[in-house]
Amino acid sequence: MADRIPLIVNPDANQIQELPVGDTLVVDGLSAASVTADGTIAANAPVILTSAGKAKAISTVAESTGSSSTFYTHDTPTAGLHVGGVDDITFDSNQSAALLVYQRDNDAGSMFSSYQFTSGALSGTSITWSGTHTTLNSTSDSSSVIQPNVISHQNGGGVAIHVPSSTVGTATRDLKYTTFTLSGSTVTWGTATPISAWVSNVNLPDRHYCVYLGEDGGSHYFAVAYRSGWLGGSMVGKLRILKWDGQDNVTLGSEADIGNPTSDPGHRLLIDPQLIALENRRFLVKNGATWRVCTRVGTTDVRQGVDSSTIEANDNHKIYDPYSKFLICYTGTGIIRTYNIDAEDITFRFQSQMPSGIGNGRVLLTEIGQVFHSYIDGSNNGKQIFGTFNDAKDDITWNDAATTWDSGDADNSGGTPRTVKANDGKVITVYHTDPASEGDEDGKSVVTQTATTTLTADNFLGFSSAGYSDGETARIKVLGNIATQSGLTVGKKYYVQDNGTIGTSKGWFGVVAGKALSATSLLVTQ
């Protein structure tokens, strides 16, 4: 068979000519693309495609931590009001607002506690707290106050699940929901409406949890779980779907039992129907010592999967990452366990031991896949440490040193701060102070900017053919073209790194840059 000779059209000579030896044929739309530059682009640099359809250099933001802010200052010893514990924090990305629930103790007068709600506006690495504190739960007798849940739907509102009063024998002992809307950090509350009614010696609903399942058809969906029954009789976990149109209309689905009712005293105490949101209408629900994957079907119906005992009982704090489909659990003993969630199957993946001396805390996963652990050590120092997955994602390497965000004055219930992810890679940590005088505890927050990148799993476009200024038409070498690089190893596969370079490490996203044909030539591949 005769060799195929590449030909080109030379419009200047009005001729068809053979492609000169060493030249590469580049055709827009096949192996190159002409795209407007968004900002300055260096020559031969990896670029991403923005949502506006422009080519942009990859950029990063480094880790930093701001100064602490105060959300509640203790009253004078006469009033005796102070923060007894910070229990829950969520974040509304639409309004850039932090939503916080904390326990306020009273060391004078009635000596009773209450659960309070407050909100704050995030700007940079600081929060401006509103100064408005709303009582979500209180008591006028010796009953323990019951912790509420406040969950945002990420679009300027959410729902609180709470027992307005823990006082025995009143209708306010009902488990209720209250919707709210946000304008900035200003909250407008709806009317508290029963989910499960208190009935003496029949039903004392408690241990409630709530997660947001997402928006569907203009309505917001939440899963609500709680313990139902009476400690002196039979108890069972209950599950309901709450549908809210974002305005005035709420639909509550039918109660579904989680497992079977039990009258055994030990088993009654184990009923703690925790929830973890997954994706695609799915969520995890705890049934005694086991977990199951549930799915919202139709409007407010639930399909429950089979029980799995894979998740260990001491896996206390759990987070789910929809990109990797990992469930990451912190045991409270310095061990991180990772599980896979595949359809309705839960399988153990691996565990990682943190460095010695790391205190009890909370974990989350950053935007670039780092494990972020915020904790309080034995000297009341607030600290944080980062862990990085290896390429196979079956081990974690931990930083040698932790960053201190409060020195010698940090505390919280169980010695554990509360954390939540905010916009643009920021993490909010909340806690209270540890003063020498009991009853002088203030509520505090600190914001950490975690390391971020503009690279994602699917926005890599290719390599720039030359250097370009903002607004110029940039010629980008895409799939099938050859990009000029340096220091390559022939035959090696290279990946785009978070910082806009290329290397043989996959990183979190595993974005393929290409395969090295020589020390200076990279074939752009998938």
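Further up the page is the structure itself.
What this report covers is the structure whose coordinates are included nearby. As the structure is a computational prediction, the values presented were derived from the model and not from experiment.

Glancing now at the overall build of the protein. The secondary structure content of the protein amounts to one helix and 48 strands. Dimensions of the protein, computed from C-alpha atoms along their principal axes, come out at roughly 95 × 50 × 45 Å. Counting the 526 residues in the protein, one finds 51% classified as buried. A fraction of 52% describes how many contacts in the protein between residues 6 or more apart in sequence connect residues 24 or more apart. For the protein, the computed accessible surface area is about 22,800 Å², with 47% contributed by carbon and sulfur atoms.

Let us look at the nonpolar core. For soluble globular proteins, nonpolar side chains are generally found buried alongside one another. Ranked by internal contacts, the top residues of the largest apolar core, which has 37 residues, are Ile336, Phe389 and Phe463. Setting aside chain neighbours within four positions, we find Phe463 in contact with Asn44, Ala45, Pro46, Arg475, Ile476, Lys477, Ala483, Gln485, Ile502, Ala513, Leu522 and Val524. Listed in part, the 18 residues of the second largest apolar core include Leu81, Val83, Ala98 and Ile428.

Counted according to the given criterion, the structure contains 11 salt bridges. In this structure, Asp206 and Arg227 form a salt bridge, with 2.9 Å as the shortest nitrogen-oxygen distance. Remark: Arg227 occurs in strand β20 (residues 219-229) and Asp206 occurs in strand β19 (residues 206-216); sequence separation between them is 21 residues. For the residue pair Asp206 and Arg227, the accessibility class agrees, reading buried in each case. Here Arg281 ties to Asp216 by a salt bridge, and the two come within 2.6 Å at their closest N and O atoms. Of this pair, Arg281 sits in the loop between β24 (275-277) and β25 (282-287) while Asp216 sits in strand β19, and the two are 65 residues apart along the sequence. Residue classification places Arg281 among the partly exposed residues on the basis of a relative accessible area of 34%.

Attention now moves to the packing of aromatic side chains. In this description, an aromatic ring pair is defined by two values, namely the gap between the centres and the angle between the planes. This structure, assessed with the given rule, holds 16 aromatic pairs. Here the aromatic rings of Phe350 and Phe389 are separated by 6.1 Å at their centres, their planes lie at 85°, and the arrangement is edge-to-face. Here the residue Phe350 occupies a position in strand β31 (residues 345-353), and Phe389 occupies one in strand β34 (residues 382-389), the gap between them amounting to 39 residues. For the pair Phe350 and Phe389, a shared accessibility class is recorded, and that class is buried. Seen in terms of ring centroids, Phe389 and Trp508 are 5.3 Å apart; in terms of plane orientation they differ by 45°. Their pairing is tilted.

The next point concerns the layout of surface pockets. Computed from the structure, the second largest pocket encloses a volume of approximately 220 Å³. For the second largest pocket, the lining is made up of 15 residues, of which Thr262, His267, Ile271, Asn287 and Gly288 are closest to its centre. Elements supplying a minimum of two residues to the lining of the second largest pocket: β21 (235-244), β23 (256-262), α1 (265-270) and β25. Here the lining of the second largest pocket gets four residues from one element, more than from any other, and that element is β23.

The next subject is the pairing of strand β4 (residues 46-49). Both β4 and strand β42 (residues 460-464) contribute to a ladder of three bridges, which runs antiparallel. Counted as the bridge partner of Ile48 is Phe460 from β42. Relative to strand β5 (residues 55-57), β4 runs antiparallel, the two being bridged by three bridges. Pairing of Leu49 across the sheet is with Ala55, part of β5. The loop that links β4 with its antiparallel partner β5 comprises five residues; one of these, Gly53, has a positive phi angle of about 80°.

Reading guide: rules and limits
Residues numbered from 1 in each chain as written. Predicted model: local features only at pLDDT ≥ 70, side-chain atom pairs only at ≥ 80, totals over all residues. Heavy atoms only, no water. Helix = DSSP H or I, 4+ residues; strand = E, 2+ residues; numbered from the N terminus. Buried < 20%, exposed > 50% of the residue type's maximum accessible area, 1.4 Å probe, protein only. Contact = heavy atoms within 4.5 Å. Areas by Shrake-Rupley, 256 points an atom, 1.4 Å probe, with all protein chains shown as cover. Core = buried A, V, L, I, M, F, W, Y, C linked by side-chain atoms within 4.5 Å. Salt bridge = Lys/Arg side-chain N within 4 Å of Asp/Glu carboxyl O. Phe/Tyr/Trp six-rings, centres within 6.5 Å; stacked < 30°, edge-to-face > 60°. 1 Å grid on protein atoms, 1.4 Å probe; cavity = no way out; pocket = protein on both sides within 12 Å on 5 of 7 lines; lining within 4 Å. Points joined across faces, edges and corners; volume = space filled by probe spheres on them. Pairing = 2+ DSSP bridges.

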